[in-house]
Amino acid sequence: MAELHALVLAGGRGSRMGGVDKGLQPLAGRPLAAHVIDRLAPQAGAVWISANRNLTAYAALGCRVLRDPPGLEFAGPLAGMLAGLAALPAGAWLLTAPCDGPHLPADLAERLRAAAPPGGLAFARAGREHPTHALLHAGLREPLARYLAGGGRAVLRWMLAQPHGVARFDDEAAFANFNHLADLD
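The present account deals with the structure reproduced in this document. (Residues numbered from 1 in each chain as written. Predicted model: local features only at pLDDT ≥ 70, side-chain atom pairs only at ≥ 80, totals over all residues. Heavy atoms only, no water.)

In this section: the overall build of the protein chain. Each helix and strand in the protein chain was counted, giving six helices and nine strands. A compact globule built from 185 residues would reach a C-alpha radius of gyration of about 16 Å, and the protein chain, at 15 Å, matches this within 12%. With respect to the principal axes defined by its C-alpha atoms, the protein chain has extents near 40 × 40 × 30 Å. Across the 185 residues in the protein chain, those meeting the buried criterion constitute 51%. Taking the intrachain contacts of the protein chain between residues at least 6 apart in sequence as the baseline, contacts between residues at least 24 apart amount to 70%. Once the 17 positive and 15 negative side-chain charges of the protein chain are each reduced to a mean point, those two points are 6 Å apart. (Helix = DSSP H or I, 4+ residues; strand = E, 2+ residues; numbered from the N terminus. Rg over C-alpha atoms; globule rule 2.2 N^0.38 Å. Buried < 20%, exposed > 50% of the residue type's maximum accessible area, 1.4 Å probe, protein only. Contact = heavy atoms within 4.5 Å. Lys, Arg positive; Asp, Glu negative; His and termini not counted. Charge placed at Lys NZ, Arg CZ, Asp CG, Glu CD.)

So, in structure tokens, the structure goes:
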């Protein structure tokens, strides 16, 4: 398989958590993002973090930190995905997961890769679509940049317009995320 890097999507405003940085909120004594890194690291050659604030705190987790491209700061998960795709070598793959979902399947990358068409993408489905749990080929950088430049922000809408596959998972709990501070108690 071609080179694969993982990206933790932590570049949001944390609006549903009252504006706090979700990826840095503690779960079992460690930042949420650290749990996601632990799940992604065995599945990828390197793990990066997409973030737009608290960059030093994220770098302390031992990963390269990527900011959203200029003019697209806080523009949603696709902006983080674009930053990740821009950092990839040609022909490589980018595995993405949100910072607030610490229970990812150990075979996420393997199953997404099996579902992805050449040069395309795949996303997870467990009860419903989980488009931020995705695998994207480096060749999608330009189509994504055009979509964002045109004002597009809907992740699933963009993905469905690309060559894509869907990896089905039975364990919906593996894709559960924490959207409110009370969820972390």
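To continue, consider the environment of G120. For G120, the location among the structural elements is in the loop between α4 (108-115) and β7 (121-126). Taking the C-alpha atoms as reference, G120 lies 8.5 Å from L135; in sequence the two are 15 residues apart. In this structure G120 touches W93, L135, L136, H137, L140 and P163, once residues within four positions along its chain are discounted.

Mapped onto the elements, D100 comes out in the loop between β6 (93-98) and α4. A polar atom in the side chain of D100 sits 2.6 Å from the side chain of K22. (Polar contact = N/O pair within 3.5 Å; in protein donor to acceptor, adjacent residues only side chain to side chain.)

Quick look at α4 now. Along α4, the residues that are buried comprise L108, A109 and L112. Seen from one end, α4 has its buried residues packed into an arc of 90 degrees, which puts them on one side. Residues of α4 that are exposed and point over 90 degrees away from its buried face: E110 and A114. For α4, the secondary structure elements touched by its buried residues are β1 (4-9), β6, β7, β8 (128-137) and β9 (164-168). (Arc of directions from axis to C-beta.)

A word on helix α5 (residues 141-149). Of the residues making up α5, those classed as buried are L144, Y147 and L148. Projected onto a plane normal to the axis of α5, the buried residues spread over an arc of 95 degrees and lie on a single side. In α5, the exposed positions angled more than 90 degrees off the buried face are occupied by R146 and A149. On the buried face of α5, the contacting elements are α3 (77-87) and α6 (155-160). Once α5 ends, the next one or two residues include G151, with phi positive near 95 degrees.

So, on to the side chain of H5. Topologically, H5 is positioned in strand β1. Within polar-contact distance, the side chain of H5 engages the side chain of E3 at 2.8 Å.

Any aromatic ring pair is given by two values, namely how distant the centres are and how the planes are angled relative to each other. A full pass over the atoms with the stated rule returns one aromatic pair. Ring centres of F169 and F175 lie 5.1 Å apart, and the angle between their planes is 65 degrees; on these two criteria the pair is classed as edge-to-face. The exposure class of F169 is buried, given its relative accessible area of 6%. Lying over the aromatic face of F74, R13 brings its terminal NZ or CZ to 4.2 Å of the ring centre. We note R64 situated over the ring of W48; from NZ or CZ to the ring centre the distance is 5.3 Å. (Phe/Tyr/Trp six-rings, centres within 6.5 Å; stacked < 30°, edge-to-face > 60°. Lys NZ or Arg CZ within 6 Å of the ring centre and 35° of its normal.)

Honestly, it's all geometry; don't read function into it.
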